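Spelled out, the chains give:
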Amino acid sequence: MFITAGKDALGSSDNKIECVSCSCPIEMPCWLCIDWECGCDAFICATCQKKKDATYKKDSHKATHSLVRLSHTVAPSKQTVEETIGSLNSRLTEDLADVRSRVEKLEETVGGYEAKVNQRITALEGMVEQRLSKMEELLLRVLTAISVAESSG
């Protein structure tokens, strides 16, 4: 598919856009320079874009300019507004069901982790209580030994 520049002054649409490098008629896909210096009319064919040493007939275009790739587009479908809304509604309903399913799975997973964390905390609390109890016993023995030593001495 060749790209044309629209109708000329005589109403003819045969004026094909040419590559600024090789002057061949531009076919899709192609590249378009978007730098302001080129004025948005510097088209480059796919073949010339691949070349590292391409020369440009348009003085304002340089190899360092930013390019946009142009390609074929799919023609929009001719659905009615109601059909489009219905289609979107069904897609949203499906997506919502999928999101709900994922949230339920996440809740189950988090619930499992929560139970494990609670078990670990309970076990740690028990260990801390045991150690504190042993430290209290040890301190009582030390205090008892000190008070016995003071009363004997």
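**Quick word on the pattern of salt bridges**
With the rule as written, the count across this model stands at one salt bridge. Across the salt bridge formed by aspartate 98 and arginine 102, the nearest N and O atoms sit 3.4 Å from each other. Here arginine 102 and aspartate 98 lie together in helix α2 (residues 81–152), a separation of four residues that amounts to about one turn. We classify arginine 102 as exposed; its relative accessible area is 55%.

**Quick word on the side chain of serine 21**
Looking at the element boundaries, serine 21 is found in the segment before β1 (30–33). Judged by its relative accessible area of 11%, serine 21 falls in the buried class. For serine 21, the residues in contact, after removing those within four places along its chain, are Cys48, Ala54, Thr55, Tyr56 and Lys57.

**A word on the sheet that holds strand β3 (residues 67–70)**
For sheets, the rule is that strands pair by backbone hydrogen bonds, running either parallel or antiparallel. Spatially, β2-β1-β3 is the arrangement adopted by the three strands of the open sheet, whose pairing is antiparallel. One side of each edge strand has no neighbouring strand; the edge strands of this open sheet are β2 (43–45) and β3. Adjacent strand axes in the sheet meet at a mean angle of 30°, parallel and antiparallel pairs treated alike.

**Details of the environment of cysteine 30**
As for its position among the elements, cysteine 30 is in strand β1. Looking at cysteine 30, the relative accessible area reads 0%, which means it is buried. Here the alpha-carbon distance between cysteine 30 and leucine 67, two residues 37 residues apart in the chain, equals 9.7 Å.

**What to know about the nonpolar core**
By size, the foremost hydrophobic cluster in this structure holds 14 residues, and its most contacted members are Cys19, Ile26, Phe43 and Ile44. Residues contacting cysteine 19, with those up to four places away along its chain left out, are Cys24, Ile26, Phe43, Ile44, Cys45 and Cys48.

Conventions and cut-offs
Residues numbered from 1 in each chain as written. Predicted model: local features only at pLDDT ≥ 70, side-chain atom pairs only at ≥ 80, totals over all residues. Heavy atoms only, no water. Salt bridge = Lys/Arg side-chain N within 4 Å of Asp/Glu carboxyl O. Helix = DSSP H or I, 4+ residues; strand = E, 2+ residues; numbered from the N terminus. Buried < 20%, exposed > 50% of the residue type's maximum accessible area, 1.4 Å probe, protein only. Contact = heavy atoms within 4.5 Å. Pairing = 2+ DSSP bridges. Axes fitted to C-alpha atoms, helices over the stretch in contact; angles between N-to-C directions. Core = buried A, V, L, I, M, F, W, Y, C linked by side-chain atoms within 4.5 Å.

These figures come from the coordinates and say nothing about function on their own.
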